[in-house]
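# Per-entry structural report
Below are the chains, spelled out letter by letter.
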Amino acid sequence: MFGPESAPNRWTGLPFVFEKVRILDEEHRVSRCEKFLNAFAREGCRMVEMSCEDHDRYAAGLQFITHTVGRILEGLMLESMPINTEGYKSLLGLVENTAGDSFDLYYGLFMFNKNSLEVLEKLDLAFEDLRKQLIVRLHHVVRNQLMEDGERLQQRDGSNSHALLRQVRNGSALLHSRSNDDALLSSSVSNNYSLSDENTKLKIAIVGFGNFGQFLAKTIVSQGHEVLAYSRSEYSDVARELGVSYFSDADDLCEQHPEVILLCTSILSTVKVLKSLPFQRLKRSTLFVDVLSVKEFPRNLFLQHLPPDFDVLCTHPMFGPESGKNGWKNLPLVYDKVRIGNEESRILRCCQFLDIFASEGCRMVEMSCAEHDWHAAGSQFVTHTTGRFLEKLGLETTPINTKGYETLLSLVENTMEDSFDLYYGLFLYNLNAMEQLERFDLAFESLKKQLFGRLHRIYRKHLFENEEQILALPERSTLPEKSEGSNVSSPLSKTVDTK
Ligand code: NAP
């Protein structure tokens, strides 16, 4: 279960499947067979004895799927990006592995394994199912938005007059609350930016303390920064264990005047969370950072909604709790200094924040948010799509896993660690994702066409050959005379009918 690509140097640990279909009892025949098998055992192969039938059942589920996925991805013409994730790298490896084999080999797996067609159908259904899942949700979101817009328009005319009346009646109350806000703002202004802790450590507030927020917090705390957190759910216990101060109220968090707000919420909830934050309680020069897996969307949102005095740094750590569990060395951190004030202290604070990643050995990649989204749709979205549609097949480990199949298994495991919201966010908030989904679909369709086209050609050829043989027969000499009223027609006319 290996080849020149997957095992160029050594065969240690790789499965060698065999069935002793017919080895007669004579001693020299038995020992000849053993000697042959030993040649592989000596190289360190894992010798797996199983029936040919079992082999084909497993192989359709693993080898045919691996080759099919490799060929679909080959059709996408994936390229190495400046910001490859670990998952994407494994896809590139898979393409390289399968593209090294001839199409004849792949076609052989399809034609001569009776289980392959069923597996192809399952792959087809799984992809359709995933696409439907995305489109149905998209439809739901757009419909809700359109209905909300409609309601808002309807309410606007009616509510304008009420609002005016209310303003006149509550004039004093309005004035009062505004002066409170002004006081808060001016206290923020007077609270000049100063670096905490020996000018090197930052006070960072993580907003959204789920899977990824906690993952980042561990490393940030270990570097000695002060970390605060706030989230929709209750995380006091987890926070305590991590050495993080937890706040279940956004006002309380902001009143701690963190130097950096690090937004780690889901892409889908970003607008809601952002609008709910009491900016007026923060220091005027706060640095606002996000880690969303899409970048143009938060960039535009921040520029639109954040107070103009806030600095804005958009980042995307291209790794997660699974791929970064053994350290962040060489893993890419993409960043765009969207708006950093000229003052030395602001520039320094931004550098200090980026140094959290640089000092862990991350590969620091500065690029615009638009450029990031273009690269990420072609790599991250494709990786997640592959993992998600394979997950629907319920792939399981087998006694004869190939290296390629193991790549697929770990891809599925990796993508399933992430929430569907994350995947859906990649789809919805990256302009280029829909195009990638269509390309994936086209690549799969074109592969199926290639398989079925060849099947059709062979069948046709077979039919024509039969026809030629029939034509070559001496005319009618051996055919029974057609008696009146009989239903028997000539084989030729049958062939013509069939055609
Ligand atoms: P996620 O499902 O994308 O986000 C979960 C976070 O969003 C939780 O903190 C959750 O709060 C919050 N949230 C979800 N819906 C909310 C709502 N309606 N209102 C308020 N908060 C809401 O999973 P994640 O893996 O933790 O990712 C967080 C962010 O990091 C995402 O933007 C993602 O794109 C980015 N990122 C993730 C990875 C990764 O490998 N996972 C890598 C790079 C970047 P509660 O937990 O309090 O409910």
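Residues numbered from 1 in each chain as written. Predicted model: local features only at pLDDT ≥ 70, side-chain atom pairs only at ≥ 80, totals over all residues. Heavy atoms only, no water.

Per an unreviewed UniProt entry, the recorded name for the chain is Prephenate/arogenate dehydrogenase domain-containing protein, and the organism is Arachis hypogaea.

### Comments concerning the site of the ligand
What counts is decided by this rule: When we say a residue is near a molecule or strand, we mean one of its heavy atoms is within 4 Å of it. Polar contacts, as used here, are pairs of N or O atoms within 3.5 Å; protein pairs need one atom able to donate a hydrogen and one able to accept it. Residues neighboring in sequence count only if both atoms are side-chain atoms. Exposure was quantified through the Shrake-Rupley algorithm and a 1.4 Å probe, taking into account, for residues, occlusion by the shown protein chains and nothing else. Starting at the N terminus, helices and strands are each numbered in turn, a helix being any DSSP run of H or I of at least four residues and a strand any DSSP run of E of at least two. In this count, Pro and Cys sit with the nonpolar residues alongside Ala, Val, Leu, Ile, Met, Phe, Trp and Tyr, while Asp, Glu, Lys and Arg are called charged and the others, Gly among them, polar.
Within the structure, the ligand sits among 27 residues, and S231, Y235, T265, S293 and S419 are positioned closest to it. F212 places a main-chain nitrogen or oxygen 3.0 Å from an oxygen atom of the ligand. The fraction of the free accessible surface of the ligand (860 Å²) that becomes covered by protein chains is 89%. Mapped by element, the contributors of at least two residues to the shell around the ligand are α7 (211-222), α10 (270-276) and β8 (311-317). By residue class, the composition of the shell around the ligand is 12 nonpolar, 12 polar and three charged.

### Re the confidence of the model for the chain
Our working rule: As a per-residue quantity, pLDDT reports the predictor's confidence and falls between 0 and 100. The contact definition used throughout considers only heavy atoms, calling two residues in contact when any of these lie within 4.5 Å.
Counting all residues, the mean pLDDT for the chain is 85, and 83% of those residues have values of 70 or more. Below pLDDT 50 for its whole length, residues 159-197 participates in 25 contacts with residues either more than four positions away or in separate chains. Note on residues 477-499: pLDDT under 50 across the span, and nine contacts to partners over four residues away in sequence or across chains.

### Some remarks on the environment of Q450
Cut-off, in case you're wondering: The buried label applies to any residue whose accessible area, calculated with a 1.4 Å probe on protein chains only, is under 20% of its type's maximum; exposed applies above 50%, and partly exposed to all values in between.
Within the secondary structure layout, Q450 lies in helix α16 (residues 433-472). Among the residues examined, Q450 registers a relative accessible area of 40% and is labelled partly exposed.

### So, the nonpolar core
Worth spelling out the cut-off: Buried Ala, Val, Leu, Ile, Met, Phe, Trp, Tyr and Cys residues form a nonpolar core when they are joined through side-chain atoms within 4.5 Å.
Judged by nonpolar contacts, the single largest core of 87 residues is most densely connected at L73, L78 and F288. Setting aside chain neighbours within four positions, we find F288 in contact with I261, L274, L277, F279, F302, L306, F310, D311, V312 and L313. Membership of the second largest hydrophobic core comes to 34 residues, among which are I204, A239, C350 and L354.

### What about the pattern of salt bridges?
Note the threshold: Every case where a carboxyl oxygen of Asp or Glu lies within 4 Å of a side-chain nitrogen of Lys or Arg is listed as a salt bridge.
With the rule as written, the count across this model stands at 22 salt bridges. Measuring nitrogen to oxygen at the nearest pair gives 2.9 Å for the salt bridge that ties K20 to E34. Placement of the pair is K20 in the loop between β1 (15-18) and α1 (27-42) and E34 in helix α1, with a sequence separation of 14 residues. What makes E34 partly exposed here is its relative accessible area of 32%. With its nearest N and O atoms 3.9 Å apart, the salt bridge here joins E74 to R71. Placement of both E74 and R71 in helix α2 (residues 52-75) is noted, with a separation of three residues, approximately one turn of the helix. Take E74: its relative accessible area is 32%, and that puts it in the partly exposed class. For R71, a relative accessible area of 11% gives the class buried. When salt bridges that share partners are traced, they join D311, E343, R346 and R349 into one network.

### Notes on the packing of aromatic side chains
The line we're drawing: Aromatic rings from Phe, Tyr and Trp, taking only the six-membered ring of Trp, are treated as a pair when their centres fall within 6.5 Å; an angle between ring planes under 30 degrees marks them as stacked, one over 60 as edge-to-face, and anything in between as tilted.
Under the definition given, this model contains 33 aromatic pairs. Their ring planes at 5° and their centres at 5.4 Å tell us that F64 and Y106 sit as a pair that is stacked. Residue F64 is found in helix α2, and its partner Y106 is found in helix α4 (residues 103-111); the two are separated by 42 residues along the sequence. Y106 carries the same exposure label as F64, and that label is buried. Between F381 and F427, the ring centres sit 6.1 Å apart and the planes meet at 20°, which makes this aromatic pair stacked.

### Describing the pairing of β8
Put simply, the test is: One bridge is not enough; two strands pair if DSSP finds at least two bridges between them. Note on handedness: a crossover is taken as right-handed if, strands pointing away from the viewer, the path from the first strand over the helix to the second is clockwise.
With seven of seven residues buried, β8 lies mostly within the body of the structure. Residues of β8 alternate between two faces, with D311, L313, T315 and P317 on one and V312, C314 and H316 on the opposite face, all of them buried. Sheet topology note: the strand β7 (residues 287-290)/β8 ladder contains four bridges and is parallel. Considered in β8, the bridge of L287 is made with D311. In this fold, the crossover linking β7 to β8 by way of helix α11 (residues 296-305) has right-handed handedness.

### Re the packing of helix α13 (residues 369-391) against helix α14 (residues 403-417)
Definition in use: Throughout, an axis means a line fitted to C-alpha atoms (over the contacting stretch in the case of helices), and angles, computed between N-to-C directions, take values from 0 to 180 degrees. Angular relationships are summarised with four words: roughly parallel below 35 degrees, roughly antiparallel beyond 145, roughly perpendicular across 65 to 115, and oblique for the angles in between.
Two elements in contact, α13 and α14, have axes separated by 8 Å at closest approach and are oriented at 100°. One finds that α13 runs roughly perpendicular with respect to α14. Judged by residue contacts, T383, H384, T386, G387, R388, L390 and E391 of α13 engage L408, L411, V412, T415 and M416 from α14.

### As for the environment of C33
Along the chain, C33 falls in helix α1. Judged by its relative accessible area of 15%, C33 is buried. Expressed as a C-alpha distance, the spacing of C33 and K20, which sit 13 residues apart in the sequence, is 8.4 Å. When near neighbours in sequence (up to four residues on either side) are disregarded, C33 contacts K20 and I23.

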